[in-house]
Amino acid sequence: MSVLWLVFVVLAIGAGTWLLSRIFDGLRTVPVEPQQLTWVTPGIEVKHADLGGVNVRYVKAGSGPDLVLLHTLRTQLDIYHGMIPELQKHFTVYALDYPGHGWSDIPKAKYEPEDFYGWVERFLDVIAVQDATIAGTSIGGTIALELAARHNPRIARAVAINPYDYEITYGSGFKGSSFLAKVTHTAVEIPVIGETFMRLRLPWIERRLFEGGVIENASLSDALFAEMTGVGNRPGHMEGFISLLRESQKWQQARRGYPRIEVPVLLVYSDHDWAPEADRQRSAEPIPGMQLKTVRNSGHFLPLDRPAELADLITEFAKPTPSATDTKN
């Protein structure tokens, strides 16, 4: 009887938690896309593009050579708010929200790497960039390297910032960013339990999870945090993020293509990135002729911790140098 009673109690607690998570989820307010950016800067346009039935939000700013910015997992284009005002002085800058992120559509998909490769390739075609620099952080960096390895004709150079292209263990990747991240990622990997756990998400827990990506908590502004957590209440957003985490081990397969890269590559790591040193070397070694830089006192979300320094590195790497003819004139 004691064993049966224990089983009954466990089932009752599980059912109660599942029901409570449903109630919590139902009470959350569905956000509405803001009409303008919270970090409005003159010359920045908010636009939308149709990627074959999937609508994505993006911004365009500045003039000059094309530069496309790709954000990290579970964030949105706004993580570059501290960089775009400077970069637009030298480039025509584009930054998008991936499907399932920010204010873009949330299609039913597995959210595995191939989905993101396809979405970004279609985006490059829709905006018709030429000889572009693709600069991405985390999964964005892996996307930039993979598309370069596939010899996408629109890409002239790639910048990979803390690429998420290694085996995810309890000491690396999102799992290694904090104790709460370990608990979250572990729970997400279990069907039903993962969905229940995520529906119970609380603001203070989400804040700790996001802060696991920065070296200084102040780097994550209250305004950006509020928008990213609000976005998380959009229907389907939670399910998309769960799928992304469950497919996260597949990102390491991108390394197989790195030896095929023929365009110039800048590889940038934070000194406190989630990737162990050995994994950084395994990512760097196969890339022909790449440049390697390390930014001190920064975490995985480098665009938030050190936006000015990262903008300078990208500008130095990607800004065209005057030709001999121009120099003579």
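So, how was this worked out
- Residues numbered from 1 in each chain as written.
- Predicted model: local features only at pLDDT ≥ 70, side-chain atom pairs only at ≥ 80, totals over all residues.
- Heavy atoms only, no water.
- pLDDT = per-residue confidence, 0-100.
- Contact = heavy atoms within 4.5 Å.
- Pairing = 2+ DSSP bridges.
- Helix = DSSP H or I, 4+ residues; strand = E, 2+ residues; numbered from the N terminus.
- Axes fitted to C-alpha atoms, helices over the stretch in contact; angles between N-to-C directions.
- Parallel < 35°, antiparallel > 145°, perpendicular 65-115°, else oblique.
- Nonpolar A, V, L, I, M, F, W, Y, C, P; charged D, E, K, R; others polar.
- Patch = residues over 30% accessible without salt bridge, like charges linked within 9 Å, V, L, I, M, F, W, Y side chains within 5 Å.
- Areas by Shrake-Rupley, 256 points an atom, 1.4 Å probe, with all protein chains shown as cover.
- Salt bridge = Lys/Arg side-chain N within 4 Å of Asp/Glu carboxyl O.
- Polar contact = N/O pair within 3.5 Å; in protein donor to acceptor, adjacent residues only side chain to side chain.
- Phe/Tyr/Trp six-rings, centres within 6.5 Å; stacked < 30°, edge-to-face > 60°.
- Buried < 20%, exposed > 50% of the residue type's maximum accessible area, 1.4 Å probe, protein only.
- Lys NZ or Arg CZ within 6 Å of the ring centre and 35° of its normal.

1. Remarks on the confidence of the model for the protein
The predicted model of the protein has a mean per-residue pLDDT of 91, with 94% of residues at 70 or higher. Note on residues 324–329: pLDDT is under 50 here. Beyond four places in sequence and across chains, it has one contact.

2. Regarding the pairing of strand β1 (residues 44–50)
The pairing of β1 with strand β2 (residues 55–61) spans seven bridges and is antiparallel. Each residue of the ladder has a partner; that of V46, found in β2, is V59. Where β1 folds back on β2, the antiparallel hairpin that results is connected by four residues, among which G52 adopts a positive phi of roughly 70 degrees.

3. Side note on the packing of helix α3 (residues 113–127) against helix α4 (residues 139–149)
Between α3 and α4, the shortest axis-to-axis distance is 10 Å and the interhelical angle comes to 70 degrees. By the angle between their directions, the pair α3 and α4 is classed as roughly perpendicular. Facing F116, Y117, V120, E121 and L124 of α3, the residues of α4 in contact are I139, T142, I143, E146 and L147. Taken together, the residues of the contact of α3 with α4 sort by class into seven nonpolar, one polar and two charged.

4. Points about a nonpolar patch on the surface
Residues L19, I23, F24, L27, L202 and W204 make up a contiguous nonpolar surface patch of about 590 Å² in total accessible area. Positionally, L27 belongs in helix α1 (residues 2–27).

5. Remarks on the side chain of T196
Looking at the element boundaries, T196 is found in helix α6 (residues 193–199). A polar contact is formed between the side chain of T196 and the backbone oxygen of V192, at a distance of 2.9 Å.

6. What about the packing of aromatic side chains?
In this description, an aromatic ring pair is defined by two values, namely the gap between the centres and the angle between the planes. Under the definition given, this model contains 13 aromatic pairs. Between the aromatic rings of F174 and W274, the centroid separation amounts to 6.1 Å while the plane-to-plane angle is 55 degrees, which identifies the pairing as tilted. Here F174 is found in the loop between β6 (155–161) and α5 (179–188), whereas its partner W274 is found in the loop between β7 (265–270) and α10 (277–284), with 100 residues between them in sequence. This pair shows no difference in class: F174 is buried, exactly as W274 is. Joined through ring pairs, the aromatic side chains of Y98, Y111, F116, Y117, W119 and W251 make up one cluster. Sitting over the face of the ring of Y170, K175 holds its NZ or CZ atom 4.4 Å from the ring centroid. Between the NZ or CZ atom of R207 and the centre of the ring of F225, over which it lies, the distance is 5.0 Å.

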